[in-house]
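# Structural overview
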Amino acid sequence: MALYVNKYGGTSVGRIDRIQNVAEQVIKARQQGDDLVVVVSAMSGETNRLLALAHEIQEQPKPRELDVLLATGEQVTIALLAMALEEKGCPARSYTGAQAGIVTDAAHTKARVESIDCDVIRADLAAGRVVIVAGFQGVTEEGDITTLGRGGSDTTAVALAAALKADECRIYTDVDGVYTTDPRVEPRARRLKQITFEEMLEMASLGSKVLQIRSVEFAGKYNVPLRVLSSFEEGEGTLITYEAQDMEKALISGIAFNRDEAKLTLERVPDRPGIAHQILGPIADANIEVDMIVQNIAGDGATDFTFTVHRNDYKKAMDILQQIRQDLGAEGVTGDADIVKVSLVGVGMRSHAGIASTMFKALADDGINIRMISTSEIKISVVVDEKYLELAVRSLHEAFDLGKEP
Ligand code: ADP
Ligand code: ASP
Ligand code: MG
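Quick summary incoming for the structure in this document.

## Re unusual backbone geometry
We note that Thr109 has phi near 70 degrees; this positive angle belongs to a residue other than glycine. With respect to the helices and strands, the residue Thr109 is situated in the loop between strand E4 (102-104) and strand E5 (113-116). You can call Thr109 partly exposed: its relative accessible area is 27%. A positive phi angle, close to 50 degrees, is found at Arg268, a residue other than glycine. Relative to the assigned elements, Arg268 resides in strand E14 (residues 261-270).

Pasting the structure below:
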């Protein structure tokens, strides 16, 4: 008998008929003799709705209160799914994160799972019940409700699978696996039968929200077999693995993009030691994370200094630059929040020259201006104007022939 942790995302539980559908699937799996722990997200749109309510009252609500609010979304779906199962004659019990023994640190709105006490879950499984756990949430040692960051139900599922030593963690969503790029942007994207943890981690960190990055980290660290599948149709989905099989050893595994970026430039700052620190120090002090950084080589003792931040932090970062501009002797401050980062990902590119030039040529041929570039061993990222996002993704997908089996 196998034990599976199945996670169903917001769209998959977004309406009553979909919750019924999930109940049917759970019952089918049980009929094959498997034990099931089911993790669910809030109904689609619900977390955003709750956030908007909060912001109608306060621009910056306390993270502790936000967590109390946001955790309610998942509490609705666990109860409804338990009812749907009971109604169909399948014994089930729902638990909030706290009730399921998921203890986290106290970093509200982005808490990390520290430990899971599985006694309650094991007792229920032994009694023949399906266990349903609210995704995205936990509790601190002190008893405060926490949430795990957007998309955090994936991490709940993987953490439970690790703690219970489940045979597989299955992430059921609204696409039937991990694709070469977001299939909603490039319909010719191809589903990957498998992808390595390293590549999935890179794709997730560069913006592919199909899996929360922490869930991939967790699965890699604790050896959790992880699979992404559709909750709407049957199929084998995509397995996240340690080693790529030869068949799929492609140069490029996919294209990720991130719409959440904004860039800022300090124009013509004096080119002297310490300047980068003087600019980014106050940014870091304000708890703003910086992603890409570019400093031009200066010819005449002055230099342009550009960096990107999360779009939500754009205004705050701009205010800081305006404040320090004069002290630094910079000539001006400019910014642009309508930019995106598009990244080519692949462990195979490590040993290959010419990938960057193929990438830049493809973008140039479509008239797309590159505003920033950054590279690592297994990725190349460019910043382009947001209006070019779809075009850039499709043009790169085509240039590297990603629609074709390698
Ligand atoms: P859920 O609500 O089930 O957690 P998400 O919206 O978080 O679902 O994740 C699924 C979505 O991820 C898909 O609808 C798709 O648009 C997006 N996505 C982005 N990149 C990829 C990719 N490379 N492969 C598959 N889906 C992707
Ligand atoms: N409901 C949360 C969100 O929308 C968590 C999740 O769905 O994974 O981010
Ligand atoms: Mg998700």
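## So, the pairing of strand E11 (residues 226-230)
Most of E11 is tucked away, with five of its five residues classed as buried. Side-chain alternation along E11 places Leu226, Val228 and Ser230 on one buried face and Arg227 and Leu229 on a second face that is also buried. Bridging between strand E9 (residues 168-173) and E11 involves five bridges; their strand directions are parallel. Along E11, the bridge assignment pairs Arg170 with Arg227. Pairing geometry for E11 and strand E12 (residues 238-241), over three bridges, is antiparallel. Its bridge partner being in E12, Val228 is matched across the sheet by Thr238.

## Points about the site of ligand 1
Taken together, 17 residues surround ligand 1, and among them Thr173, Asp174, Tyr179, Asp182 and Arg184 come closest. Contact between ligand 1 and Lys7: an oxygen atom at 3.0 Å from a side-chain N or O atom of the residue. Here an oxygen atom of ligand 1 sits 3.1 Å away from a polar atom, N or O, in the main chain of Gly10. Notes on ligand 1: free accessible area 570 Å², of which the protein chains cover 83%. Residues belonging to the shell around ligand 1 are distributed by class as follows: six nonpolar, six polar and five charged.

## Structural notes on the side chain of Lys341
With respect to the helices, strands and loops of the structure, Lys341 is situated in strand E18 (residues 339-345). What Lys341 contacts, discounting residues up to four positions off in sequence, is Leu206, Ala256, Phe257, Asn258, Glu261, Asp291, Met292, Ser381, Val382 and Val383.

What counts and what doesn't
- Residues numbered from 1 in each chain as written.
- Chains lettered and ligands numbered in written order.
- Predicted model: local features only at pLDDT ≥ 70, side-chain atom pairs only at ≥ 80, totals over all residues.
- Heavy atoms only, no water.
- Helix = DSSP H or I, 4+ residues; strand = E, 2+ residues; numbered from the N terminus.
- Buried < 20%, exposed > 50% of the residue type's maximum accessible area, 1.4 Å probe, protein only.
- Pairing = 2+ DSSP bridges.
- Near = heavy atom within 4 Å.
- Polar contact = N/O pair within 3.5 Å; in protein donor to acceptor, adjacent residues only side chain to side chain.
- Areas by Shrake-Rupley, 256 points an atom, 1.4 Å probe, with all protein chains shown as cover.
- Nonpolar A, V, L, I, M, F, W, Y, C, P; charged D, E, K, R; others polar.
- Contact = heavy atoms within 4.5 Å.

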